[in-house]
Amino acid sequence: MIRYIIRRLLISIPVLLVGTFLSYVMVTSLGDPLSELRAKPGVTEADVQAAAHALGLDKPVLVRYWDWLTGFVQGDWGTSVALGTARADVYTMVTDALWVTVQLVIAAQVLAIILGVAVGVLAAVRQYSIFDYTATSLAFLMFSMPVFCVAILLKSYGIQLNNLLVSLGLDRWLTTAGPPTGGYTGDLGEVVFSYTGTFLLPTISLMLISFAAYSRFQRASMLETLHSDYVRTARAKGISQARVIFRHAFRNALIPVTTLAALSFGTLFTGAVLTETVFGWHGMGSLLVTAVRQFDPNILMGWLVVVAIAVVVFNLIADILYVFLDPRIRLG
Amino acid sequence: MADLTAPTTSGPRAAGAHEFDATKARSQGELVLRRFLRHKLAMTSLATLVLLIVMAYVGPVFWAFSYEDTSSGSYLAPSPDHPLGTTQVGKDLLALLMRGTQYSIQIGLLAALAATVLGVLLGALSGYLRGFVDSLVNRVVDLLLILPLIGVAAIVIRAISGAWFVVALTVAAFLWMQIARITRGETLSLSEREFVEAARASGAGTWRIILKHLVPNMVGSITVNATLTVATAVLTEAALSFLGLGVQIPDTSLGVIIGENYTQVMMRPWLFWAPFLVLVLISLTINFIGDGLRDAFDPRQTKVRA
């Protein structure tokens, strides 16, 4: 198993290397990080040249890529080049933003898997019932929903709920403008109160769309296993319905959802970027928007590479989970 | 949709023939079309979508305001003059919506077309030739799957331009992989079949075999996936434009309109709800059409009978 993990990680290194190189060429050749400086009144061409030289922007792409890569693996991700962020350290910027986004993504992913699997199994066991039809229609609606619109709607209803709470003489609960600036303070009850209030709406809006996909997949694969020969055999042996469903069918029916959950990490990430923007969180979403506006190569590279690595890791996790779920699969 | 009239059972071969013979004479394509035409949800969706498209393209000809016209007052409430009110800078929302719908549809269709052509060609090529080409295409797919679409697309669009076809082709560059994988899988099994061997024996080249013998046999899954890709492309474009990283103002798309106006959702709900409903309607109808096509191509999976 450990050998398999190591081999898989080794295989993904060349892909990541090519990916970073192409990204680097793209990022450095497409935009000019010094355009803001250039546009300032009183800045001469010599000033721009000097700034470019000081930042190493005048070296050939290959040299710059090598410098960037050797720095990156040692944890030195460079500084932001554009003027706006005043040469901030990219490592801290990206990891801070990543932490915000990852919290949101994991919370949403866990909720979506639990709910999606539960609804999918129930819809399959009660096929063509009212529950099944309702779940199917809702899933279809959710598929067609842009995630940022769900977030906008939830936010507006959250504000209304807050107003209702205030008019009832209670504290406002749901936060619709980013996490509290001073962190979560007070006794345990207050921390839980403000923590759930902060996370509830962004998590739900991010969760709903993956939830729809998982419930559909779970339903389909559960139906397939329920009609398979070994389930019929189990039934013929006189095993109870509940035991057949959970022991025999459910475990194997989890496999497709595991794949989907791991592979949809990238999609979920995009969703998180949008959800954050609506709720005013300073995560990977706002970092991307600023970095793209200023065309800051180091921030953009840090952003792209971190997401790419995350996707590779989650794909690997999916492969490992297969083995635990299905003893027929052997990793070689 | 090439031919929406139901296939007729009359014609030269009907003379003196049994009624059942006429049914047998239907070609595969006619059967699929027949099943699709009987799929109520898909047909309703198709009609709605066509209506929406016609309104988006024909509407501006008759409408009093242009999407660029900022002469109206700021944030006017809906009235007979401005049925959906105006935005902050005094643009008529209905005019914006029509232009935005045009763009969303154009981008969705072009992106899906480009992604499908690229995906089918590369998928079929890698499945048919195998070996080096196959591993090369697979590595490219792996690479594109780990690169975050939203980041790369934002960079490319920012650098080149926010013109609709640039947005469409950039989005397409990240949507072809699934179609390529499906096509590759089907090609792997189809290329073992006798008719491909026969074609090869009679001297057909690689491209002829792919285009004349393999692709026509995969038309079902290609059509279904292409349709679903349109919906994905429309939503992706909306997401990019919502962040301000796609289509650029003064031009507009549904994502731009939502991004510009969503802060008004409490005060002036129509400014958010109108573009939101149009966007959902577009992607919902396309998904239903795709579902209907899947049922029509693969009748075993469905309760709809031809």
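Residues numbered from 1 in each chain as written. Chains lettered and ligands numbered in written order. Predicted model: local features only at pLDDT ≥ 70, side-chain atom pairs only at ≥ 80, totals over all residues. Heavy atoms only, no water.

## Some points on the overall build of chain B
Check the secondary structure of chain B and you find 13 helices and zero strands. Written out in order from the N terminus, the α and β elements of chain B read α-α-α-α-α-α-α-α-α-α-α-α-α. For chain B, the residues scored as buried account for 51% of the 306 residues in total. Excluding contacts between residues fewer than 6 apart, the proportion of contacts in chain B whose partners are at least 24 apart in sequence is 71%. Accessible area for chain B stands at about 14500 Å²; split by element, carbon and sulfur atoms hold 62% of it. (Helix = DSSP H or I, 4+ residues; strand = E, 2+ residues; numbered from the N terminus. Buried < 20%, exposed > 50% of the residue type's maximum accessible area, 1.4 Å probe, protein only. Contact = heavy atoms within 4.5 Å. Areas by Shrake-Rupley, 256 points an atom, 1.4 Å probe, with all protein chains shown as cover.)

## Overview of helix 13 (residues 269-297) of chain B
Helix length check: helix 13 of chain B (29 residues) gives 41 Å between terminal C-alpha atoms against 42 Å at 1.5 Å per residue, within 8%. The buried fraction of helix 13 of chain B is high, at 21 of 29 residues. (Expected span 1.5 Å × (residues − 1).)

## A look at the nonpolar core
Core analysis: the largest hydrophobic core is formed by 154 residues, its most contacted members being Phe 148, Met 284 and Trp 303 of chain A. Among the elements that take part in this core, helix 5 (residues 90-125) of chain A stands out by supplying 13 residues, more than any other. A domain-level breakdown of this core finds at least three residues from each of domain 1 (2-73) and domain 2 (90-325) of chain A. Apart from the residues within four sequence positions on either side, Trp 303 of chain A is in contact with Val 94, Phe 269, Val 273, Met 284, Leu 287 and Leu 288 of chain A together with Pro 148, Ile 150 and Gly 151 of chain B. (Core = buried A, V, L, I, M, F, W, Y, C linked by side-chain atoms within 4.5 Å. Domains from an automatic or database assignment.)

## Considering the packing of helix 5 of chain A against helix 10 (residues 241-263) of chain A
All names here are of chain A. In contact at an axis separation of 11 Å, helix 5 and helix 10 are set at 135 degrees when each is read in the N-to-C sense. Judged by the angle between their axes, helix 5 and helix 10 are oblique. For helix 5 against helix 10, the interelement crossing comes out right-handed. Contacts from Gln 109, Ile 113, Val 117, Val 121 and Val 125 in helix 5 reach Ile 245, Phe 250, Leu 254, Val 257 and Ala 261 in helix 10. A breakdown of the residues in the contact of helix 5 with helix 10 according to their chemical character gives nine nonpolar, one polar and no charged. (Axes fitted to C-alpha atoms, helices over the stretch in contact; angles between N-to-C directions. Parallel < 35°, antiparallel > 145°, perpendicular 65-115°, else oblique. Left-handed = near helix turned anticlockwise from the far one by under 90°. Nonpolar A, V, L, I, M, F, W, Y, C, P; charged D, E, K, R; others polar.)

## Let's talk about the interface of chain A and chain B
At the junction of the two partners, chain A supplies 42 residues and chain B supplies 36 residues. Overall, the association of chain A and chain B removes approximately 3500 Å² of surface from exposure, summing both partners, and the carbon and sulfur fraction of that is 83%. Our count for the chain A to chain B interface comes out at zero salt bridges. The tally of links between chain A and chain B comes to three residue pairs in polar contact (both at pLDDT 80 or more). When residues of the side of chain A that touches chain B are traced back to their parent elements, those giving at least two are helix 1 (2-30), helix 6 (130-143), helix 7 (147-167), helix 11 (265-279), helix 12 (284-294) and helix 13 (297-325) of chain A. If one sorts the elements of the side of chain A that touches chain B by residue count, helix 1 of chain A sits on top with nine residues. Considering only residue class, the side of chain A that touches chain B consists of 34 nonpolar, seven polar and one charged. (Buried area = accessible area lost by both parts, 1.4 Å probe. Salt bridge = Lys/Arg side-chain N within 4 Å of Asp/Glu carboxyl O. Polar contact = N/O pair within 3.5 Å; in protein donor to acceptor, adjacent residues only side chain to side chain.)

## Some points on helix 7 (residues 164-172) of chain B
Taken together, the buried positions of helix 7 of chain B are Val 166, Val 167, Ala 168, Thr 170, Val 171 and Ala 172 of chain B. Packed against the buried residues of helix 7 of chain B are helix 4 (93-129), helix 6 (149-159), helix 8 (176-190) and helix 11 (219-242) of chain B.

## Thoughts on the side chain of Glu 237 of chain B
Residue and element names in this part refer to chain B. Relative to the assigned elements, Glu 237 resides in helix 11. Although Glu 237 is buried, it forms no salt bridge, and the closest oppositely charged side chain is Arg 99 at an N-O distance of 11 Å. One polar contact links Glu 237 to Ser 241, side chain to side chain, over a distance of 2.7 Å. If sequence neighbours within four positions are ignored, Glu 237 has contacts with Ser 104, Ile 107, Val 167, Val 247 and Ser 253. (Lys, Arg positive; Asp, Glu negative; His and termini not counted.)

## Things to note about the UniProt feature "domain: ABC transmembrane type-1" (unreviewed entry) in chain B
Here the UniProt-annotated "domain: ABC transmembrane type-1" (unreviewed entry) positions come out as residues 101-290 of chain B. Within residues 101-290 of chain B, the helical portion is 79% and the strand portion 0%, while the C-alpha atoms at the span's ends are 20 Å from each other. (UniProt positions renumbered as here; feature names shortened; annotations may be inferred.)

## Points about the environment of Gly 29 of chain B
Following the sequence through the fold, Gly 29 of chain B ends up in helix 2 (residues 28-38). In this structure Gly 29 of chain B comes out as partly exposed when scored by relative accessible area, which is 45%.

## Notes on the domain arrangement of chain A
Residue and element names in this part refer to chain A. Segmentation of chain A into domains returns domain 1 (2-73) and domain 2 (90-325). Between the C-alpha centres of domain 1 and domain 2 there is a distance of 33 Å. With 19 residues of domain 1 at the interface, the matching set in domain 2 holds 15 residues. The largest share of the area that domain 1 buries against domain 2 comes from Arg 8, Leu 16 and Val 27, three residues that together contribute 31% of it. At the surface where domain 1 touches domain 2, the tally comes to zero salt bridges. There are zero residue pairs in polar contact (both at pLDDT 80 or more) connecting domain 1 and domain 2. Those elements that place two or more of their residues in the side of domain 1 that touches domain 2 are helix 1 and helix 4 (61-73). For the side of domain 1 that touches domain 2, the leading source of residues is helix 1, giving 13 residues. Looking at the side of domain 1 that touches domain 2 residue by residue, the class counts come to 11 nonpolar, five polar and three charged.

## Some details on unusual backbone geometry
The backbone phi angle of Tyr 128 of chain A is positive, close to 65 degrees, even though this residue is not glycine. Tracing the sequence through the fold places Tyr 128 of chain A in the loop between helix 5 and helix 6. When its relative accessible area of 45% is taken as the criterion, Tyr 128 of chain A is described as partly exposed. One non-glycine residue, Arg 130 of chain B, lies in the positive phi region at around 50 degrees. Within the element layout of this structure, Arg 130 of chain B appears in the loop between helix 4 and helix 5 (131-146).

## Some points on the UniProt feature "transmembrane region" (unreviewed entry) in chain B
Following the UniProt record, the feature "transmembrane region" (unreviewed entry) maps to residues 41-65, 103-128, 140-157 and 270-290 of chain B here. Between the end C-alpha atoms of residues 270-290 of chain B there is a gap of 30 Å, over a span that is 100% helix and 0% strand.

## Side note on the environment of Ala 135 of chain A
Residue and element names in this part refer to chain A. Along the chain, the position of Ala 135 falls in helix 6. When its relative accessible area of 14% is taken as the criterion, Ala 135 is described as buried. For Ala 135 and Arg 232, which are 97 residues apart along the polypeptide, the C-alpha to C-alpha distance reads 26 Å.

## Quick word on the pattern of salt bridges
For side chains bearing opposite charge, pairing can occur when the charged atoms are close. Scanning all chains against the criterion turns up eight salt bridges over all chains. A salt bridge links Arg 219 of chain A to Asp 132 of chain A, with the shortest nitrogen-to-oxygen separation between them at 2.7 Å. Linking Arg 219 of chain A in helix 8 (residues 188-226) with Asp 132 of chain A in helix 6, this pair joins segments that are 87 residues apart in sequence. Taken individually, Arg 219 of chain A and Asp 132 of chain A each receive the classification buried, so the pair is uniform in this respect. Here Arg 232 of chain A and Asp 229 of chain A are joined by a salt bridge, their closest N and O atoms 3.5 Å apart. Here Asp 229 of chain A and Arg 232 of chain A lie together in helix 9 (residues 229-236), a separation of three residues that amounts to about one turn. Judged by its relative accessible area of 58%, Arg 232 of chain A is exposed. Here the salt bridges do not stand alone but share partners, grouping Arg 139, Asp 142 and Arg 181 of chain B into one network.

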